[in-house]
Amino acid sequence: MGRAFVYVILGGGVAAGYAALEFTRRGVSEGELCIISEEPVAPYERPALSKGFLLPEDPARLPSFHTCVGANDEKLTPKWYKEHGIELVLGTRVKSVDVRRKTLLSSTGETISYKFLIIATGARALKLEEFGVEGSDAENVCYLRDLSDANRLATAIESSANGNAVVIGGGYIGMECAASLVINKINVTMVFPEAHCMARLFTPKIASLYEDYYSAKGVKFIKGTVLTSFEFDSNKKVTAVNLKDGNHLPADLVVVGIGIRPNTSLFEGQLTIEKGGIKVNSKMQSSDSSVYAIGDVATFPVKLFGEMRRLEHVDSARKSARHAVSAIMEPEKTGDFDYLPFFYSRVFAFSWQFYGDPVGEVVHFGEYEDGKTFGAYWIRKGHLVGSFLEGGTKEEYETISKATQLKPAVTDLEELERVGLGFAQTVVSQHVVPEVKDVPSSELVRQASRVVMMEKPLYVWHAATGVLVAASVAAFAFWYGRRRRRW
């Protein structure tokens with residue numbers, strides 16, 4: 001017994017939903033597309049689980065965060081899939097895949113064949129048992145990866161009001177869950193082995209600001225150590241957490257966020273695996289021409305840095321999904337996947353965005369003392385490769401994104417620190433790559449304008465354009481100078 005489809009998406013997370021929408025926009029016919037997911041619900045926006053879903057008042061619930069509302073696009077409810085002739089095979093685990101024969105075998109014994117397969121299996125949360133600690137099955141030990149996890153955590157939060165929570169891990173899940181727990185009036189202690197939170201991205205200076213804010217909210221930090229064991233009551237419920245440094249923490253609730261691992265096991269030995277994920281080319285196509293991989297499970301070439309990367313973020317999932325569908329449906333019109341790595345988070349009153357690569361020398365800018373608008377640049381081999389901004393406007397975030405994509409040259413780090421956000425604004429406004437010189441910021445802007453004006457000086461219309469550009473830049477320099485004084 002079996003069914004056949006032209007296109008099959010394996011996995012029902014964020015990437016699957018965005019791929020489905022792209023298929024419909026590119027003319028997929030009724031009955032051609034199938035989505036197979038272990039989860040019992042249609043694809044949804046996972047970021048909602050650590051944010052709106054855990055709020056004590058008016059929490060987010062489905063169908064409000066089905067894809068693709070995260071990108072201000074259509075909401076793909078089960079009804080939408082039915083209306084577009086897309087088969088949703090939910091609550092179904094695929095136990096094996098035969099890439100050569102282009103078939104999948106479900107746990108119920110059904111065989112599903114395909115012409116093109118898109119792997120959107122994402123990743124799973126790392127469990128404590130993988131580090132030698134038992135107790136993940138206790139009712140008050142929670143992870144957060146899917147809707148089932150979120151429901152379990154929400155229930156545990158309700159029964160832990162005014163109690164003590166221990167958050168294991170200082171990354172995205174740890175920081176976002178800790179904020180949600182505080183909002184739910186739970187006492188929080190965060191435990192992680194690194195020297196500061198968000199160690200893969202934040203500098204010590206950036207991390208210190210957020211940690212100070214969390215501390216003011218009552219969060220306690222225990223750094224440089226790890227969980228070694230739990231203590232349980234007669235009902236096998238965790239009552240305390242033991243740490244390697246000797247600390248003993250009472251616990252009514254434990255939230256674990258210690259990383260993820262890509263779901264590649266079905267394809268090991270059949271497709272090329274690199275950096276933990278399924279290796280794909282710039283079309284998101286794997287070592288088998290009929291199989292594509294997207295989202296967390298894909299290792300793809302990042303054109304900007306000239307190397308293979310596997311990225312764990314919703315933005316990459318959304319955009320790689322659209323690109324893969326384009327490559328399948330219109331290969332002759334689809335170029336290389338030219339992706340700028342992007343990460344963001346929102347906690348309490350904070351909202352930050354990062355673009356590029358956090359490597360090289362770091363230059364901080366802005367007023368860190370007031371904690372409102374501040375940022376950092378990462379400089380490698382004389383060029384801007386990464387940009388971070390907290391508290392920016394929509395336009396400012398777009399500016400640092402565009403500037404990072406341009407990889408402008410930087411020769412004077414002290415001047416870059418002084419100019420700050422103005423450097424990115426100048427780069428983008430001129431559409432050239434200016435070098436930072438040991439001159440005032442206003443002169444830097446004028447130098448950039450002269451580069452534009454001198455490219456083709458023989459034509460009158462170029463001269464007129466140059467005058468207009470220079471006037472615009474002068475106005476910007478005046479505005480920016482006043483803005484810096486207000487900082």
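Residues numbered from 1 in each chain as written. Predicted model: local features only at pLDDT ≥ 70, side-chain atom pairs only at ≥ 80, totals over all residues. Heavy atoms only, no water.

Looking at the pattern of salt bridges
Put simply, the rule is: Basic side-chain nitrogens of Lys or Arg form a salt bridge, by our definition, when they fall within 4 Å of a carboxyl oxygen of Asp or Glu. A run of H or I in DSSP counts as a helix once it spans at least four residues, and a run of E counts as a strand once it spans at least two, with each numbered from the N terminus. A simple rule labels every residue: compare its accessible area, found with a 1.4 Å probe on the protein chains alone, to the largest value its type can have, and call it buried under 20%, exposed over 50%, or partly exposed in between.
For the coordinates displayed, the defined rule picks out 24 salt bridges. Salt-bridge contacts for glutamate 83 lead to lysine 79; the nearest nitrogen and oxygen are separated by 4.0 Å. Taken together, the residues span about one helical turn, with glutamate 83 and lysine 79 both in helix H2 (residues 78-83) at a distance of four residues. No difference in accessibility class separates glutamate 83 from lysine 79, as the two residues are exposed. Between glutamate 312 and arginine 310 there is a salt bridge, and its shortest N-O distance comes to 2.7 Å.

Observations concerning the sheet that holds strand E13 (residues 220-223)
Using the following cut-off: Strands qualify as paired when DSSP identifies two bridges or more between them. Between two residues, a contact is recorded if the distance between any of their heavy atoms is within 4.5 Å. The angle between two axes is taken between their N-to-C directions and runs from 0 to 180 degrees, where each axis is a line fitted to C-alpha atoms and a helix contributes only its stretch in contact.
Taking strand neighbours across the sheet as the criterion, the five strands line up as E10-E17-E11-E12-E13 in an open arrangement whose pairing is parallel. Only two strands of the sheet have a single partner each, and these edge strands are strand E10 (141-142) and E13. Bridge count for strand E11 (residues 164-168) against strand E12 (residues 187-192) is five bridges, and the pairing is parallel. Bridging from a neighbouring strand, valine 166 pairs with threonine 189 of E12. On the sheet, helix H5 (residues 204-216) packs against E12 and E13 and is oriented at approximately 135° with respect to E13.

A short note on the side chain of glutamate 110
Applied cut-off: For this analysis, a polar contact is any N or O atom pair within 3.5 Å, provided that within protein one partner can donate a hydrogen and the other can accept it, and provided that sequence-adjacent residues contribute only side-chain to side-chain pairs.
Inspection of the secondary structure assignment puts glutamate 110 in the loop between strand E6 (103-106) and strand E7 (111-113). The buried category is assigned to glutamate 110, whose relative accessible area is 15%. A distance of 2.6 Å separates the side chain of glutamate 110 from the side chain of arginine 3, its partner in a polar contact.

Quick look at the pairing of E11
For the record, the criterion: The handedness of a crossover follows from its direction of travel: if, with the strands pointing away from the viewer, the path from the first strand over the helix to the second runs clockwise, the crossover is right-handed.
Counting buried residues along E11, four of its five residues qualify, which places the element largely inside the surrounding structure. Handedness of the E11-helix H4 (residues 172-183)-E12 crossover: right-handed. Of the pairings in the sheet, the one linking E11 to strand E17 (residues 253-256) comprises four bridges and is parallel in character. Bridge pairing in E17 places alanine 165 opposite leucine 253.

Thoughts on helix H6 (residues 314-329)
So the rule is basically this: By this rule, a helix spans an expected 1.5 Å times one less than how many residues it contains.
End to end, H6 covers 23 Å across 16 residues, agreeing with the expected 22 Å (1.5 Å per residue, within 8%). With respect to burial, H6 is a largely interior element, 13 of its 16 residues being buried.

A word on the packing of aromatic side chains
Under the convention used in this document: Two rings belonging to Phe, Tyr or Trp (six-membered ring only in the last case) form a pair when the distance between their centres is within 6.5 Å. Interplanar angles under 30 degrees mark stacking, angles over 60 mark edge-to-face geometry, and anything in between is tilted.
A full pass over the atoms with the stated rule returns 29 aromatic pairs. For the pair tyrosine 210 and phenylalanine 374, a centre-to-centre distance of 6.1 Å together with 55° between the ring planes defines the contact as tilted. On the criterion of sequence distance, the pair formed by tyrosine 210 in helix H5 and phenylalanine 374 in strand E27 (residues 374-380) is long-range, its members being 164 residues apart. Of the two residues, tyrosine 210 and phenylalanine 374, neither departs from the other in class, the shared state being buried. Centre to centre, the rings of tryptophan 352 and phenylalanine 388 are 5.6 Å apart; their planes meet at 35°, and the pair counts as tilted.

Focus on the sheet that holds strand E19 (residues 273-274)
Strands sit in the order E19-E20-E22-E23 across an open sheet of four strands; the sheet is mixed. If you trace the sheet from one side to the other, it starts and ends with E19 and strand E23 (307-310), each paired once. Sheet analysis places strand E22 (residues 298-302) next to E23, joined by four bridges and oriented antiparallel. Each bridged residue has a counterpart across the sheet, and for valine 302 the counterpart in E23 is glutamate 307.

Things to note about the confidence of the model for the protein
Parts of the prediction with low pLDDT should not have their coordinates interpreted in detail. Definition in use: Every residue carries a pLDDT, the predictor's confidence in it, which falls somewhere between 0 and 100.
A residue-level look at the protein finds 88% of positions with pLDDT of 70 or above and a mean pLDDT of 90. Contacts for the low-pLDDT stretch residues 436-487, under 50 throughout, to residues beyond four places or in other chains number 63 contacts.

Focus on the environment of valine 291
Its place among the elements puts valine 291 in strand E21 (residues 291-293). Counting along the chain gives 175 residues from valine 291 to phenylalanine 116, while the straight-line C-alpha distance between them is 5.9 Å.

What about the pairing of strand E14 (residues 227-232)?
Note that E14 and strand E15 (residues 238-243) share five bridges and pair antiparallel. Looking at the pairing, phenylalanine 232 lines up with valine 238 of E15. A loop of five residues connects E14 with E15, the two strands running antiparallel in sequence, and lysine 236 in this loop sits at a positive phi of about 60°.

A short note on unusual backbone geometry
Cis peptide bonds are those with omega within 30 degrees of zero, and the linkage from leucine 62 to proline 63 qualifies with 15°. Along the chain, proline 63 turns up in the loop between strand E3 (33-36) and H2. Along the chain, threonine 67 connects to cysteine 68 via a cis peptide bond; the corresponding omega equals 15°. Here cysteine 68 lies in the loop between E3 and H2. Its identity as a non-glycine residue notwithstanding, phenylalanine 348 has a phi of 50°, on the positive side. Structurally, the position occupied by phenylalanine 348 is in the loop between strand E24 (342-347) and strand E25 (350-356). With phi around 50°, lysine 381 is a residue other than glycine that occupies positive phi space. Note that lysine 381 resides in the loop between E27 and strand E28 (383-390). Given the relative accessible area of 76%, lysine 381 is considered exposed.

So, the packing of helix H1 (residues 14-25) against H6
If you want to describe how two helices pack, look at the angle between their axes and the distance between the axes. The condition that has to hold: Two helices cross in a left-handed way if the nearer one is turned anticlockwise from the farther one by less than a right angle. They cross in a right-handed way if the turn is clockwise. Just so you know the grouping, Ala, Val, Leu, Ile, Met, Phe, Trp, Tyr, Cys and Pro go in nonpolar, Asp, Glu, Lys and Arg go in charged, and all remaining residues, Gly too, go in polar.
At a closest axis distance of 8 Å, the pairing of H1 and H6 adopts a crossing angle of 35°. Considering only the axes of H1 and H6, their crossing is right-handed. Side by side, H1 and H6 meet where Val14, Ala15, Tyr18, Ala19, Glu22 and Phe23 of the first sit next to Val314, Ala317, Arg318, Ala321, Arg322, Val325 and Met329 of the second. Per-class residue counts for the contact of H1 with H6 are ten nonpolar, no polar and three charged.

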